[in-house]
Amino acid sequence: IRKKQNSVLCLGTAIGFLLPPVLVPNTPDDIDLMAHNISIMFYGTAIVSTLLFFLTGVVFEEKPKYPPSHSQALLQAMPPEDYSYKQSIINLIKNVPFVLLLISYGIMTGTFYSVSTLLNQMIVTHYEGEEVNAGRIGLTLVVAGMVGSIICGLWLDYTKTYKQTTLIVYILSFIGMVVFTFTLDLGYLIVVFVTGGVLGFFMTGYLPLGFEFAVEITYPESEGTSSGLLNASAQIFGIVFTLVQGKLTTDYSPRAGNLFLCAWLFVGIILTALIKSDLRRHNVNSGIMNMDVKAVSDDSFTLIILLHLNGWLLLN
């Protein structure tokens, strides 16, 4: 499910790269026309967002009828009064591997946000008048990321090598960023298309890996809490990186801003390497924690959940 959500998110981002240059072409000689085009784009966005808001309220259910895994079945069996959001936050902050992942995830995702935001400025600096192609390069970056997120997610499901896969993808993202930085000003747009696609493949492919790894090392804490903290970290780093890279790009060059991001990605690699891989959720699903839980599989919704939670009874 998380891989599908990430793919849909990437699809929306791809549309965001593609449509604005088409809906709002560069017309510096006619400011009124530009303002009119911008208003049309904003009104269209408001209409679509409002429609999606109502569809979400009507179509979406609070939770699936049957838990999709042993670990989720156990969590649903816990009394709601035993859950404390404040205590969950405290537990996560005390979890050193999660804190390391929180920072490294923020660095990676913040870098992606910054590159995506300033991509047009970087392209136009070296390729004047190529605003439309800048949007297409952004589209290439995100579409390649959709493929990367699916492939990385499938590989993770198959191998369960959470830390190794996360670290390798992080290193490849760093290499992709370095290559993108030093090939941006070569004068060949096709090279930028290729390097941007490679960068997007690994950077966006990292997003579901970070979420899944966080759930593994923080179980039985709520997935919503850990995911919320990861998103908050990504937004904070994204804002800071965008401001700093934008300043460096304006005052010096796009290369200076990109090298700033490369340095932070290298720090993220070190932090990721220090994370202790404690696959708690995987251990529960494998039946290691003294419980016999039968959950309904994805292919069948006719079985009844049977919970024999000896460990849970002992805890209470």
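So, how was this worked out
- Residues numbered from 1 in each chain as written.
- Predicted model: local features only at pLDDT ≥ 70, side-chain atom pairs only at ≥ 80, totals over all residues.
- Heavy atoms only, no water.
- UniProt positions renumbered as here; feature names shortened; annotations may be inferred.
- Core = buried A, V, L, I, M, F, W, Y, C linked by side-chain atoms within 4.5 Å.
- Buried < 20%, exposed > 50% of the residue type's maximum accessible area, 1.4 Å probe, protein only.
- Helix = DSSP H or I, 4+ residues; strand = E, 2+ residues; numbered from the N terminus.
- Contact = heavy atoms within 4.5 Å.
- Axes fitted to C-alpha atoms, helices over the stretch in contact; angles between N-to-C directions.
- Parallel < 35°, antiparallel > 145°, perpendicular 65-115°, else oblique.
- Left-handed = near helix turned anticlockwise from the far one by under 90°.
- Nonpolar A, V, L, I, M, F, W, Y, C, P; charged D, E, K, R; others polar.

Named according to an unreviewed UniProt entry, the protein chain is FLVCR heme transporter 1 originating from Chrysolophus pictus. Listed in UniProt under the heading Subcellular location (unreviewed entry), the comment for the protein chain reads: "Membrane".

Draft legend 1. Highlighting the nonpolar core. Ile 123 and Met 177 are the most contacted members of the largest nonpolar core, which has 48 residues in total. Those elements that place two or more of their residues in this core are α5 (96–126), α6 (131–159), α7 (162–183), α8 (189–218), α9 (223–251) and α10 (254–273). It is α8 that contributes the most residues to this core, 12 residues altogether. Not counting residues up to four positions away in its chain, the partners in contact with Met 177 are Val 115, Leu 199, Met 203, Asn 258, Leu 261, Cys 262 and Leu 265.

Draft legend 2. Focus on the packing of α5 against α7. Where α5 contacts α7, the two axes come as close as 12 Å, and the packing angle between them is 25°. Compared by their axis directions, α5 and α7 come out roughly parallel. As α5 runs across α7, the sense of the crossing is left-handed. Contacts from Ser 104, Ile 107, Met 108, Val 115, Leu 119 and Met 122 in α5 reach Tyr 170, Ser 173, Met 177 and Phe 180 in α7. Counted by class, the contact of α5 with α7 contains eight nonpolar, two polar and no charged residues.

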